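Each chain, written out:
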Amino acid sequence: MTAAIVLSAQTTALGIVRALGVMGVPVVVVHYDWRDIAQHSRYVVEKVSATHPEVDEEAFVATILKLSDRWKDAVLFPASDETLLIAARHKDLLNRHFQVACPDYALVLQVIDKRKTCLLAAAAGVPVPQTLLPTSVAELKEFGCMIGFPCLLKPAQSHLFFGHFRRKMFIADNQGTLLDAYLQACDAGLDMMVQEIIPGSDQEVVNYNSYSHSGTPLVEFMADHVRNAPLHYGSPRVACSSNLPGLIAPGRQLMRALGFSGFTCVEFKRDPRDGRFKLMEINGRHNLSTLLAVRCGINFPWLEYKHLAYGTIPEPHAYESGIYWIDMTRDIAYSLRNAFSERYAPASYLRPYLSPKVWAIFDYADPKPFRQRIRSLAGYMACNSGMCKHFKPRMVKQIGHEGPVLR
Ligand SMILES: Nc1ncnc2c1ncn2[C@@H]1O[C@H](COP(=O)(O)OP(=O)(O)O)[C@@H](O)[C@H]1O
Ligand SMILES: [Mg+2]
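All chains use their own residue numbering, which begins from 1 and follows the written sequence. For naming, the first written chain is A and the first written ligand is 1, with later ones following in the order written. Totals for whole chains, interfaces and linings use all residues, but because this is a predicted model, local features are given only for residues with pLDDT of at least 70 and pairs of side-chain atoms are given and counted only at 80 or more. Heavy atoms from the whole structure form the basis of all side-chain values; hydrogens and water molecules are not counted.

J.: Could you clarify how one ought to interpret the overall build of the chain in this entry?
T.: By definition, any uninterrupted DSSP run of H or I lasting at least four residues is a helix, any uninterrupted run of E lasting at least two residues is a strand, and each is numbered from the N terminus. If you tally the helices and strands in the chain, you get 16 helices and 16 strands. Throughout, the radius of gyration refers to the C-alpha atoms, and the reference size of a globule is 2.2 Å times the residue count to the power 0.38. On C-alpha atoms alone, the chain measures out to a radius of gyration of 21 Å, which is about the 22 Å that the 2.2 N^0.38 rule sets for 407 residues. For the chain, the spread of C-alpha atoms along the three principal axes comes to 60 × 55 × 50 Å. Exposure classes here rest on a 1.4 Å probe applied to the protein chains alone. A residue is buried below 20% of its type maximum, exposed above 50%, and partly exposed in between. In the chain, which comprises 407 residues, the proportion classed as buried is 56%. Whether two residues touch is decided by their heavy atoms; if any such pair falls within 4.5 Å, the residues are in contact. A separation threshold of at least 6 residues defines the contact pool for the chain, and within that pool the share at least 24 residues apart is 68%. Where accessible areas are quoted, they stem from the Shrake-Rupley method and a 1.4 Å probe; at the residue level, only the protein chains shown are allowed to cover. Per element, the accessible surface of the chain, about 17,500 Å² overall, is 55% carbon and sulfur. Counted charges follow a simple rule, with Lys and Arg positive, Asp and Glu negative, and His plus the chain ends left uncounted. A charged residue contributes its charge at one atom only: NZ of Lys, CZ of Arg, CG of Asp or CD of Glu. Charge centroids of the chain, computed over 44 positive and 38 negative side chains, lie 6 Å from each other.

Here's what the structure looks like:
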């Protein structure tokens, strides 16, 4: 059977590994971060340690190419933004040895760079939060006034910003904090955009996932965010499969506008002021809650694998709604840390745990990734609390400090 090679090894990657592993696909994992877990999965037939792709891109590509001796024609799955960019940039070369499960570079840039995504969506008639792209301090000041406060200063490329600031964006309450945040981002060499805040809780954030062929979604799946981490401007720690008819039109419009082939996860937020779904971002790769769709009846990595390896065109699938996906360690850690600010009623907090669900990482049949997650979390906490003077996480790139929230 043709193998799969998964690039990166965190929660998204683990979802792909398990989704393919249960179908009998031999899976190779290329890992490079001290927090990685997917390489420990029982479904992994070979794990390869690589230099971080943002530290040495050529070395990373060379590591992948070396795998062609043993895993010729394997399907290559980038499972993070940095590996998506690299796989797309070197797609022609990699395609000589493998089958790369990502769109062409020009298209990847449209989804990785949120400025391009917003422009494309607006041109396609998909609602977008009011967004302005400053190129100078003077413009920034003008745009802050136009959008009003509080507003968001969001990076064009999220993964680069996160590598520097360990957060997804800045929230600015006034001109002073907006300027301060902008200058910090400029110092780090990052392009930013000023964006209106769509009001409402994390439950208003939804995913439209699809597998498309030449701009036509063939298989669709939708989910609500239930709790995000951090609150308001984070990524899901609990999600729930759902059926949202109002999402289908904007989701399909975007895929058509992009002419997309492959898997995407599009995030929208329902704007309570007009009831419309406003675009947050497009992930041109598999997402954190891959295993939710699998649990509900749609195995996207398997559909993509069969399409690329054997030419089987995916057909529309029905799926089960009301199933939860829980990233237990993040959910519990954030809930403890923010017990007072989050204020979930106990019944609503516990509902996902008492309902039909799938865990993001925990799995009786495949326990090692969860054990590794606990181990690195415990080490990290001990390190931060000063309990352990000897624990030093093996970081392969400089991780920025967590600065104060600009409020
Ligand atoms: N304009 C906005 N208004 C309200 N919430 C937002 C806005 N932009 C982002 N968010 C919140 O922040 C989260 C992360 O933003 P996103 O653009 O998806 O960044 P990333 O690419 O890092 O995931 C979103 O899921 C959403 O909850
Ligand atoms: Mg997001």
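Having seen the structure, we can now continue with the description.
J.: I tried to follow the coordination of the magnesium ion (ligand 2) on my own but got confused; where do I start?
T.: Metal coordination angles in their ideal form are 109.5 degrees for the four-donor tetrahedron and 90 or 180 degrees for the six-donor octahedron. Listed donors are limited to N, O and S atoms within 2.8 Å of the metal, widened to 3.2 Å for Na, K and Ca; water is not among them, so incomplete-looking sites are possible. Of the protein atoms, only E267 (OE) and E281 (OE) coordinate the magnesium ion (ligand 2), at distances of 2.0 to 2.8 Å. Of this pair, E267 sits in strand β13 (residues 262–270) while E281 sits in strand β14 (residues 277–283); the two residues are 14 residues apart in sequence, bridging distant segments of the chain. For the pair E267 and E281, a shared accessibility class is recorded, and that class is buried.

J.: Is there a simple way to explain the nonpolar core in this structure?
T.: Definition used in this section: a nonpolar core is a set of buried Ala, Val, Leu, Ile, Met, Phe, Trp, Tyr and Cys residues joined via side-chain atoms within 4.5 Å. V6, F77, F221, L254, F268, L292 and F300 are the most contacted members of the largest nonpolar core, which totals 72 residues. Each of domain 1 (4–102) and domain 3 (202–359) accounts for three or more of the residues forming this core. With residues near it in sequence (within four places) discarded, F221 still touches N207, Y208, N209, S241, L292, A293, C296, I298, F300 and Y319. Residues L7, A50, I86 and C102 belong to the second largest nonpolar core, which totals 26 residues. Domain start and stop positions are those given by an automatic or database domain assignment.

J.: So what exactly am I meant to see when it comes to the domain arrangement of the chain here?
T.: How big an interface is tends to be stated in terms of accessible area lost as the parts join. When cut into domains, the chain gives domain 1 (4–102), domain 2 (130–195) and domain 3 (202–359). Put simply, the middle of domain 1 and the middle of domain 2, counted by C-alpha atoms, are 33 Å apart. At the junction of the two partners, domain 1 supplies five residues and domain 2 supplies four residues. By buried area we mean the combined loss of accessible area, with a 1.4 Å probe, across both parts when two parts are placed together. The contact between domain 1 and domain 2 buries some 330 Å² in all, and 44% of this surface belongs to carbon and sulfur atoms. Contact with domain 2 buries area across many residues of domain 1, yet R35, E54 and D81 alone supply 71% of it, more than any other trio. By convention in these notes, a salt bridge is any Lys or Arg side-chain nitrogen within 4 Å of a carboxyl oxygen on Asp or Glu. Seen at the junction of domain 1 and domain 2, the total is zero salt bridges.

J.: Just to check I follow, could you spell out the site of ligand 1 for this structure?
T.: Looking at ligand 1, there are 20 residues lining it, with K114, S158, K168, E267 and E281 nearest. Residues adjacent in sequence count toward polar contacts only when both atoms are side-chain atoms; beyond that, a polar contact is any pair of N or O atoms within 3.5 Å, and within protein one must be able to donate a hydrogen and the other to accept it. H232 places a polar main-chain atom, nitrogen or oxygen, 3.3 Å from an oxygen atom of ligand 1. As a working rule, the residues Ala, Val, Leu, Ile, Met, Phe, Trp, Tyr, Cys and Pro are called nonpolar, Asp, Glu, Lys and Arg charged, and the rest polar, with Gly in that last group. Partitioning the shell around ligand 1 into residue classes produces eight nonpolar, five polar and seven charged. Each of domain 2 (130–195) and domain 3 (202–359) accounts for three or more of the residues forming the shell around ligand 1. Residues are labelled near a given molecule or strand when at least one of their non-hydrogen atoms is within 4 Å of it.

J.: Where do I start with the packing of helix α2 (residues 57–66) against helix α3 (residues 81–89) in this structure?
T.: A packed helix pair is summarised by two numbers, namely the angle formed by the two axes and the spacing between the axes. Only the contacting stretch of a helix is used when fitting its axis, a line to C-alpha atoms as for every element, and angles between N-to-C directions run 0 to 180 degrees. Where α2 meets α3, the axes come as close as 11 Å, and the angle between the chain directions of the two elements is 75°. Comparing their axes, α3 and α2 come out roughly perpendicular. Residues E57, F60 and V61 of α2 form the contact with α3, whose own contacting residues are T83, I86 and R89. Residues of the contact of α2 with α3, tallied by class, amount to three nonpolar, one polar and two charged. The labels follow the angle: roughly parallel below 35 degrees, roughly antiparallel above 145, roughly perpendicular from 65 to 115, and oblique for the rest.

J.: Would you mind going over the sheet that holds strand β10 (residues 205–213) with me for this structure?
T.: In a beta sheet, neighbouring strands pair by backbone hydrogen bonds and run either parallel or antiparallel. Taken together, seven strands build an open sheet; the order of strands is β14-β13-β10-β11-β12-β15-β16 and the sheet is mixed. Every interior strand has two partners, whereas the edge strands, β14 and β16 (357–359), have only one. Taken pair by pair, the neighbouring strands of this sheet meet at an average axis angle of 30°, ignoring direction. Direction of pairing for β13 relative to β14: antiparallel, over a ladder of six bridges. For K269, the partnering residue across the bridge sits in β14 and is K278. When DSSP finds two or more bridges between two strands, those strands count as paired.

J.: Would you mind going over helix α6 (residues 114–123) with me for this structure?
T.: For the α-helix, the turn length of 3.6 residues means that residues three or four positions removed from each other point alike. Burial in α6 covers these residues: K114, T117, C118, L120 and A121. For α6, the arc enclosing every buried residue in end-on projection is 165°, short of the 170-degree limit, so these residues lie on one face. In α6, the exposed residues that point more than 90 degrees away from the buried face are L119 and A123. Where α6 ends, the next residue or the one after it, G125, has phi of about 80°, a positive value. Throughout, the arc means the angular range of directions from the helix axis out to the C-beta atoms.

J.: Is there a simple way to explain the sheet that holds strand β7 (residues 151–155) in this structure?
T.: Here four strands make up an open sheet; going across it, the order is β6-β9-β7-β8 and the pairing antiparallel. Among the strands making up the open sheet, the edge pair consists of β6 (131–132) and β8 (170–172). As judged from the four bridges shared by β7 and strand β9 (residues 192–195), these two strands associate in the antiparallel manner. By the bridge assignment for β9, K154 is matched with M193.

J.: It is not clear to me how the pairing of strand β2 (residues 27–31) should be interpreted in this structure. Could you clarify?
T.: Consecutive side chains of a regular strand alternate in pointing toward one face of the sheet and then the other. Across the five residues of β2, five count as buried, placing the element largely inside the fold. Every second residue of β2 is oriented toward a common face, with V27, V29 and H31 on one face and V28 and V30 on the other, all of them buried. Note: strand β1 (residues 4–7) against β2, four bridges, orientation parallel. Of the residues in β2, the one forming a bridge with L7 is V30. The parallel pair β1 and β2 is bridged by helix α1 (residues 11–21), and the resulting crossover is right-handed. Summarising the sheet, β2 and strand β3 (residues 44–49) pair through five bridges and their orientation is parallel. Bridge pairing in β3 places V27 opposite V44. Looking down the strands as they point away from the viewer, one classifies a crossover as right-handed if the path from the first strand across the helix to the second runs clockwise.

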